[in-house]
Amino acid sequence: MIPAIETHNLTVSYSKRPVLWNVDVAIPPGRLVGVIGPNGAGKSTLLKTTMGLLPASSGWVKIFGKPIKEARRRVAYVPQRESVDWDFPVTALDVVLMGRYGRLGWFGRLKASDRQAAQEALQKVGMEAFARRQISNLSGGQQQRVFLARALAQETDVYLMDEPFVGVDAATEKAILELLSELRERGKTVLVVSHDLDSARRNCDDLLLLNMRVVAYGAAKEVFTPPLLQKTYGGRLTILSDAADAVWEAER
């Protein structure tokens, strides 16, 4: 079976300092995978590099055996809410329709079917009544639901979600969890970055424990152990120092 997401020797650096180091992981299709680790461990960087938003210093990422530039239409990305300019003057429906643009080609125009798909996506996240509302006038949980709807409207096979539970109310958290479960049942592959360890353990099929490099990857019940969690959240300075020294040496 071709992995839905595969990385090999993936290293990503900011200003010549490594953020990810020799990451090797192969995620099969149809899995809900929680990505956990301390702040600065490279979780968001992994998603952005998988999406092609950041370049790799070395190694590669493949989506169903192809580089992202050939498989971009098969991947949807939900960024951290705090990274979005919510004052941009667009409606919730406008944002969701952006998820359809990748299907239009250079000179394509939105069709009735695109608008229907966008409306259905808003309905799935309980935001159909807010379709004409300016995004700046939505609550944090409502804004997060709109971005989830945009990802749904793309109708892809892989979903990358960066901390979708941050700053949302209990109702939105429940709606997101139900959506993740539905995507998995439909055979989609989902990577979700989360700081809620208990929720990740309870709701994800697999866990990727990341601290700049892969500490462990596997079934949640097998890798969510005190020794592996200690290895993930402790000793980070040693790992960072060793990798940084190796990068500097290789560049010289």
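Look up: the structure comes first, before these words.
Heads up: these notes are all about the structure in this document. Remember, it's a predicted structure, so these values are computed and weren't measured experimentally. (Residues numbered from 1 in each chain as written. Predicted model: local features only at pLDDT ≥ 70, side-chain atom pairs only at ≥ 80, totals over all residues. Heavy atoms only, no water.)

1. Things to note about the sheet that holds strand 8 (residues 206-211)
Here 6 strands make up an open sheet; going across it, the order is 5-6-7-3-8-9 and the pairing mixed. Only two strands of the sheet have a single partner each, and these edge strands are strand 5 (75-78) and strand 9 (213-219). Strand-to-strand twist across the sheet, computed as the mean angle between neighbouring axes with direction ignored, equals 15 degrees. Where strand 6 (residues 158-162) meets strand 7 (residues 189-193), 5 bridges bridge the pair, whose relative direction is parallel. Each residue of the ladder has a partner; that of Val-158, found in strand 7, is Thr-189. Where helix 9 (residues 226-233) meets the sheet, it contacts strand 3 (32-36), strand 8 and strand 9, and its direction lies at approximately 35 degrees from that of strand 8. (Pairing = 2+ DSSP bridges. Helix = DSSP H or I, 4+ residues; strand = E, 2+ residues; numbered from the N terminus. Axes fitted to C-alpha atoms, helices over the stretch in contact; angles between N-to-C directions. Contact = heavy atoms within 4.5 Å.)

2. Considerations on the nonpolar core
Counting 44 residues, the largest nonpolar core has Val-96, Met-161, Leu-207 and Leu-209 as the members making the most contacts within it. Ignoring any residue separated from it by four or fewer positions in sequence, one finds Leu-209 in contact with Ile-36, Val-214, Val-215, Ala-216, Val-223, Leu-228, Leu-229 and Thr-232. Within the second largest apolar cluster, 26 residues are counted, among which are Ala-4, Ile-63, Leu-160 and Leu-210. (Core = buried A, V, L, I, M, F, W, Y, C linked by side-chain atoms within 4.5 Å. Buried < 20%, exposed > 50% of the residue type's maximum accessible area, 1.4 Å probe, protein only.)

3. Points about the pattern of salt bridges
One pass over the full model with this rule turns up 10 salt bridges. One salt bridge in this structure joins Asp-198 and Arg-201, with 2.6 Å as the shortest N-O distance. Of this pair, Asp-198 and Arg-201 are both found in helix 7 (residues 197-203), 3 residues apart, which corresponds to roughly one turn of the helix. Residue class for Asp-198 comes out partly exposed when judged on its relative accessible area of 36%. In this structure, a network of salt bridges that share partners links the residues Arg-74, Asp-157 and Lys-188. (Salt bridge = Lys/Arg side-chain N within 4 Å of Asp/Glu carboxyl O.)

4. Notes on the packing of helix 5 (residues 140-153) against helix 6 (residues 170-185)
Running from amino to carboxyl end, helix 5 crosses helix 6 at an angle of 15 degrees, the nearest separation of the two axes being 10 Å. On the basis of their axis angle, the class for helix 5 and helix 6 is roughly parallel. In this structure, helix 5 crosses over helix 6, and the sense of that crossing is left-handed. Residues Gly-141, Gln-144, Arg-145, Leu-148 and Leu-152 of helix 5 pack against Ala-171, Thr-172, Ala-175, Ile-176, Leu-179 and Leu-183 of helix 6. (Parallel < 35°, antiparallel > 145°, perpendicular 65-115°, else oblique. Left-handed = near helix turned anticlockwise from the far one by under 90°.)

5. Considerations on the pairing of strand 5
Because side chains alternate across strand 5, one face comprises the buried residues Val-75 and Tyr-77, and the other comprises Ala-76 and Val-78, equally buried. Here strand 5 pairs with strand 6 via 4 bridges, running parallel. Of the residues in strand 6, the one forming a bridge with Tyr-77 is Leu-160.

6. Focus: helix 6
Helix length check: helix 6 (16 residues) gives 23 Å between terminal C-alpha atoms against 22 Å at 1.5 Å per residue, within 8%. Among all positions of helix 6, only Thr-172, Ile-176, Leu-179, Leu-180 and Leu-183 are buried. Down the axis of helix 6, the smallest arc covering the buried residues is 100 degrees, so these residues share one side. Turned more than 90 degrees off the buried face of helix 6, the exposed positions are Ala-170, Lys-174 and Glu-185. The elements touched by buried residues of helix 6 are strand 3, helix 5, strand 6 and strand 7. Taken from the residues just after helix 6, Gly-187 is the one with a positive phi, measuring 85 degrees. (Expected span 1.5 Å × (residues − 1). Arc of directions from axis to C-beta.)

7. What to know about unusual backbone geometry
We note that Asn-9 has phi near 50 degrees; this positive angle belongs to a residue other than glycine. Note that Asn-9 resides in strand 1 (residues 5-14). Under the relative-accessibility criterion, Asn-9 is labelled partly exposed at 33%. The backbone of Glu-155 sits at a positive phi, close to 55 degrees, despite the residue not being glycine. Considering the arrangement of structural elements, one finds Glu-155 in the loop between helix 5 and strand 6. Judged by relative accessible area, Glu-155 falls into the partly exposed class, the value being 43%.

8. A short note on the side chain of Gln-144
Tracing the sequence through the fold places Gln-144 in helix 5. Excluding its chain neighbours within four sequence positions, the residues that come into contact with Gln-144 are Val-78, Pro-79, Arg-81, Glu-163, Pro-164, Val-168 and Ile-176.

9. A short note on the packing of helix 4 (residues 112-124) against helix 5
In contact at an axis separation of 8 Å, helix 4 and helix 5 are set at 135 degrees when each is read in the N-to-C sense. Relative to helix 5, helix 4 is oriented oblique. Read as a crossing pair, helix 4 and helix 5 show a hand that is right-handed. Two secondary-structure elements touch here, helix 4 through Ala-118, Ala-121, Leu-122 and Lys-124 and helix 5 through Ala-149, Leu-152 and Ala-153.

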